[in-house]
Amino acid sequence: MKRGRTLARRAVVSLIGATALFVATGQGAKAQVAKKEPPLEVKGDASERPWKRYAGWPARDESKYNTLGNLATPPAPTQPRKITKPITGNAEKGAGLAADRDRGGSCLACHVMGPAGGANLPGNVAPDLSEIGSAGREDEWLFNYIYDARVYNPETVMPPWGSHGFFSDQEINDMVAFLKTLKSKAVFKTELDDPEKRPPPVEKRENLDPIENPGMWAVDKAQELWTQKSATAFSCNTCHNDPKASFKTWAASMPKWEPRLDKVLGVEEFITRHAKATTGADWLMETDENRAMSVYLHYLANDTPIHIDTSSPPAKAAIERGKELSQRKVGQLNMACTDCHGKSANHWIRGQWLAEPKGQYDHFPTWRTSLLAVWDIRQRFQWCQVNIRADELPPDAKEYGDLELYLASQNEGQKLSVPGIRH
Amino acid sequence: MAEKPRLKLPKEAKKGEIIEIKTLLPHIMESGQRKDKDGKPIPRKIINKFVCEFNGKAVFVASLEPAIAANPYMQFHATVEESGTFKFSWTDDDGVIITAEETITVT
Amino acid sequence: MRPLSRRAALALGAAGAALAFIGLGRRASAAAKEAADMIAKFTGGKTAEQGKISIELPEIAENGNTVPLSISVDGSMTSDNYVSEALVVADGNPNPGVATFQFSPLSGKAEASTRIRLATTQNIIVVARTSKGEFFTNQKLVKVTIGGCGG
C-alpha cells in the first residue's frame, strides 16, 4: 500500500474515466446505472494516511501487542511462578488497586469483591470473589491468577495483569493480601448495585423520531449532500434521482466482497470509492459527509432484513477469516471480541451490559449519547480495540471488512433500524 | 448547513384542549467545564433561556444552566383557546436568539 | 433517609432543613450546600412541603451526558391558583443549578421534560412554587453507570 497517497491525487485520472461512463442526459446516466456494476475508485486508500487516532482518544502505543492486523504479543508463560513464602502485602492498598479504573478497567469490571470500590455497580463477568479469603486458595495460586491466569487456564478471559505490565509484583502482593481478607458476601447500597439483581437494559427509545434522536439530523444533511454538485457538475442525484425507490434494500445486502479490491467493502468504504469515481466528491471514511451518507443509505433500507452473500467462495473465506479474527486475543488486556461478546455475553461489565453479536449490527451507524456523535461500525470496532489497549487499524483495513462480514452474517434476518441511538 | 430545530405539536386542536409540545434544538451547550487538548478551559456557551409564546403571551419559559444536555430538548404543554401562532425562542449566551414558529387551528 | 418533621425542619432553618432532607447531615459536600442555598433563595427561606411533585428519571443513567428528566407538579392551573415555577437542582454537580421552569395558566399542566447532565450519582431535587406563595418539594436519586472498559 502506497503510504501518503490519498484518493485526491487520483481524482483527475479517475474523473476522466468516470465521466466517460456518463452520457449527456440524466436518462442515459440512469440507463448506465441499471446495466453496469457501480464505478469504484480502486486506487489509494479510503481513509486518511497515515492513519491518526481520533482526538480525545487514549494516546497509548500498544505496538507490543497483537492487533487484528498484526501478531506481536509475547508468548504466555507455561508455568506458574513459584511462591515459596507466604505473601505479605498491604490489604488496604490492594483494595484501592482492585477498584482503580486507570489500570485497565479495575477488577470490579468483572468481579464483585466485597467492599472494594464501595460495591458500586460491580460486574459479574467472572466469579464473585467476596468470600475468596475462606475458599482455601494457596497464596501461589492467588498470585499467579492475577499475574497470568493462562498458566491455569489457557482459554481464560482474565487479563495477564502481571506479565503484561499492569501491576508490579508488590502491587499484586497487596491485592492478594486484600483477597485474603474477603470472607463475607458483599453488602450493596441498593439492589441495582448487585449485578445478579440488576435488570438488563431494554432499548425503548424511538430512534427514528427526529425529536428523540439527534442522529436523524444526519438524514437531513445527507439529503442536502445528495443534490450537491461537485466540481464535476454531477451529484448523486444525477444518476440516482429517486433514492427512496432505488435503495430500498441495498444497505441490507452489505457488506460485500469486492473482487476489484480483493476485500470486503462496507457501506462507508463503498461511499468513498463510488463518490470519487463518479461525482468526484472526496468523502473519506470517518468524515461527517461519509457518516451522514452511510446513515442515509441504511435509513433508506430500514425494516429490510439483513441478508448478505454468505455462499460465494470469497464470502465464505472472508467470513471464516472474520470468525478467526473475532477469536484473536489482542492488546495489552489480551482480549478477543468473543471474550466479551461470546463467553461473557448477557453479563455486566461494571455498569454496562455485554450483548451477543446478534442485534449489535442492525442499528449502525448509530447516534451515541455519551459522545454527541454518529458512529459507524468501523469506528465502533476501533474504539473497542483501543479500550482493550490494542492499537486500532485504519477504518478501511481489510481485516475490519472480514470482521464486519462475519458480524453481518450473525445478524442475518435482523431488520435495519438506522440511525440507532445508544449510550 | 445548519441543522434545523425540530418542533412537534398538533396542527389542530379543540378549544380548551391541552396539547403537548416537543422541541429539539441543535446546540453544543458548552458547559464551561471541559478543557481543550492544551488543558485550557473551553468557555461556556449555552442556550440560557427558552421561551414559548402563543399569540404573544408566554406559555412556558425555561431558564437553563450548563447542566442541560447538548441539543436541548424541551417538552411541555399548552392550553389553546383560539387559533394562532406558537413562537419559540432560544437565547444563546452570546446574545443571539434563534426562533421558530408553528401555527395551530383551534375549533 | 427519613424526611424531617415540619417542626424539626423549621428549627433547623431553611438551608439546614434542605441539607437534612437530602440526608447528608454533617457530611454535606460543597455541591449539596450550594444546592441548599439555591433552594433557600428560591423559597425566600420558607420551608417547602414534601409532595405534589413526581420526578421521572432512569434508575441507572447509561451515561452522565444526557439523562432524561420529567417533572410533574400536581395542582390547579387556574388564574387564581396555579403552579408558577419549578426549580431543579442536582446536588452532586459542580454547579448544582439545572433549570427553572416558569408556568402560567396557559401552560395547561405544570409539567416539563428535558435531558440533563450529571457528573456522578446524585439527587435531583425539585422545588415548586404556586401563585399563592406555597412551596412543595420532592427529590429522586439517580445512579450514573460506570463504564466497563471505557467503551
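Residues numbered from 1 in each chain as written. Chains lettered and ligands numbered in written order. Predicted model: local features only at pLDDT ≥ 70, side-chain atom pairs only at ≥ 80, totals over all residues. Heavy atoms only, no water.

For residues besides glycine, phi is generally negative; the peptide bonds are generally trans as well. Residue and element names in this part refer to chain A. Going from Arg49 to Pro50, the amide bond is cis rather than trans, its omega being -5°. Backbone torsion omega between Met254 and Pro255 reads 5°, so that peptide bond is classified as cis. Of note, the phi angle at Ala233 is positive, near 70°, even though the residue is not glycine. Positionally, Ala233 belongs in the loop between α6 (217-226) and α7 (236-239). On the basis of relative accessibility, which here comes to 45%, the residue Ala233 falls in the partly exposed class. Its identity as a non-glycine residue notwithstanding, Asp303 has a phi of 80°, on the positive side. (Helix = DSSP H or I, 4+ residues; strand = E, 2+ residues; numbered from the N terminus. Buried < 20%, exposed > 50% of the residue type's maximum accessible area, 1.4 Å probe, protein only.)

Here we come to the layout of surface pockets. Volume-wise, the second largest pocket comes out at about 1,400 Å³. Lining the second largest pocket are 48 residues, with Leu371 and Leu372 of chain A, Arg34 and Ala70 of chain B together with Asn65 of chain C sitting closest to its centre. For the lining of the second largest pocket, the secondary-structure elements that each account for two or more residues are α6, α10 (288-299), β6 (373-375) and α13 (377-387) of chain A. Looking at the lining of the second largest pocket residue by residue, the class counts come to 25 nonpolar, 16 polar and seven charged. (1 Å grid on protein atoms, 1.4 Å probe; cavity = no way out; pocket = protein on both sides within 12 Å on 5 of 7 lines; lining within 4 Å. Points joined across faces, edges and corners; volume = space filled by probe spheres on them. Nonpolar A, V, L, I, M, F, W, Y, C, P; charged D, E, K, R; others polar.)

In this section: the packing of helix α3 (residues 91-98) of chain A against helix α5 (residues 169-179) of chain A. Residues and elements named next belong to chain A. Packing of α3 against α5 brings their axes to within 7 Å, and their N-to-C directions diverge by 100°. By the angle class used here, α3 and α5 are roughly perpendicular. When α3 is examined against α5, the residues Ala91, Lys93, Gly94, Ala95, Leu97 and Ala98 are found in contact with a partner set consisting of Glu171, Asp174, Met175, Ala177 and Phe178. Split into classes, the residues belonging to the contact of α3 with α5 amount to seven nonpolar, one polar and three charged. (Axes fitted to C-alpha atoms, helices over the stretch in contact; angles between N-to-C directions. Parallel < 35°, antiparallel > 145°, perpendicular 65-115°, else oblique. Contact = heavy atoms within 4.5 Å.)

On to the interface of chain A and chain C, then. Interfaces are often described in size by the accessible area the parts lose on coming together. Facing 25 residues of chain A, the contacting portion of chain C comprises 16 residues. Summed over both partners, the interface of chain A with chain C comes to about 1,800 Å²; 52% of that surface belongs to carbon and sulfur atoms. The largest per-residue losses of area from chain A upon contact with chain C belong to Leu121, Leu192 and Gln352 of chain A, which jointly make up 26% of the total buried on that side. On the surface where chain A and chain C come into contact, there are three salt bridges. Of the charged contacts in the structure, one is a salt bridge between Glu62 of chain C and Arg205 of chain A, with a shortest N-O distance of 3.0 Å. Where chain A touches chain C, the interface holds 12 residue pairs in polar contact (both at pLDDT 80 or more). With three residues, the single largest contributor to the side of chain A that touches chain C is α13 of chain A. Classifying every residue of the side of chain A that touches chain C by side-chain character gives seven nonpolar, nine polar and nine charged. (Buried area = accessible area lost by both parts, 1.4 Å probe. Salt bridge = Lys/Arg side-chain N within 4 Å of Asp/Glu carboxyl O. Polar contact = N/O pair within 3.5 Å; in protein donor to acceptor, adjacent residues only side chain to side chain.)

A few words now on the interface of chain B and chain C. Counting residues at the interface gives 26 residues for chain B and 25 residues for chain C. When chain B packs against chain C, the two sides together hide about 2,100 Å² of surface, and 53% of this comes from carbon and sulfur. When residues of chain B are sorted by the area they lose upon contact with chain C, Ala67, Tyr73 and His77 of chain B head the list and together hold 25% of the total. At the junction of chain B with chain C, the criterion picks out zero salt bridges. Connecting chain B to chain C are 15 residue pairs in polar contact (both at pLDDT 80 or more). Taken together, the elements giving at least two residues each to the side of chain B that touches chain C come down to β5 (57-64) and β6 (73-80) of chain B.

This brings us to the pairing of strand β7 (residues 84-92) of chain B. All names here are of chain B. Where burial is concerned, most of β7 is hidden: seven out of the nine residues are buried. Bridge count for strand β4 (residues 47-54) against β7 is seven bridges, and the pairing is antiparallel. Its bridge partner being in β7, Phe54 is matched across the sheet by Phe86. In terms of strand pairing, β7 meets strand β8 (residues 97-106) through eight bridges, oriented antiparallel. (Pairing = 2+ DSSP bridges.)

Residue and element names in this part refer to chain A. All buried positions along α3 are accounted for by Gly94, Leu97 and Ala98. Projected down its long axis, α3 carries its buried residues within an arc of 100°, all on one side. Exposed residues lying more than 90 degrees from the buried face of α3 are Glu92 and Lys93. Structurally, α3 contributes buried residues whose contacts are with α5. Where α3 begins, one side-chain oxygen reaches toward the backbone nitrogen of Glu92, 3.0 Å away; that side chain belongs to Asn90. (Arc of directions from axis to C-beta.)

What follows concerns the domain arrangement of chain A. Residues and elements named next belong to chain A. Annotation of chain A at the domain level lists domain 1 (1-66 + 206-423) and domain 2 (91-193). Summarising the inter-unit geometry, the C-alpha centres of domain 1 and domain 2 are found 38 Å apart. On the domain 2 side, the residues contacting the 17 residues of domain 1 number 24 residues. Taken over both partners, the interface formed by domain 1 and domain 2 buries close to 1,600 Å², and the fraction arising from carbon and sulfur atoms is 52%. Together, Gln332, Leu333 and Arg350 form the three largest contributors to the area buried by domain 1 at its contact with domain 2, with a combined 40%. Joining domain 1 to domain 2, the criterion identifies nine residue pairs in polar contact (both at pLDDT 80 or more). Elements that contribute at least two residues to the side of domain 1 that touches domain 2 include exactly α12 (337-343) and β3 (347-349). (Domains from an automatic or database assignment.)

This next bit is on the pattern of salt bridges. Residues and elements named next belong to chain A. Considering all chains together, one arrives at 39 salt bridges over all chains under this definition. Where Arg53 meets Asp391, a salt bridge forms, and the shortest distance between an N and an O atom there is 2.9 Å. Placement of the pair is Arg53 in the loop between α2 (26-35) and α3 and Asp391 in the loop between α13 and α14 (398-409), with a sequence separation of 338 residues. Residue classification places Arg53 among the partly exposed residues on the basis of a relative accessible area of 23%. Judged by relative accessible area, which is 14%, Asp391 ranks as buried. Beyond isolated ion pairs, a larger network of salt bridges with shared partners links Glu37, Glu258 and Arg260.

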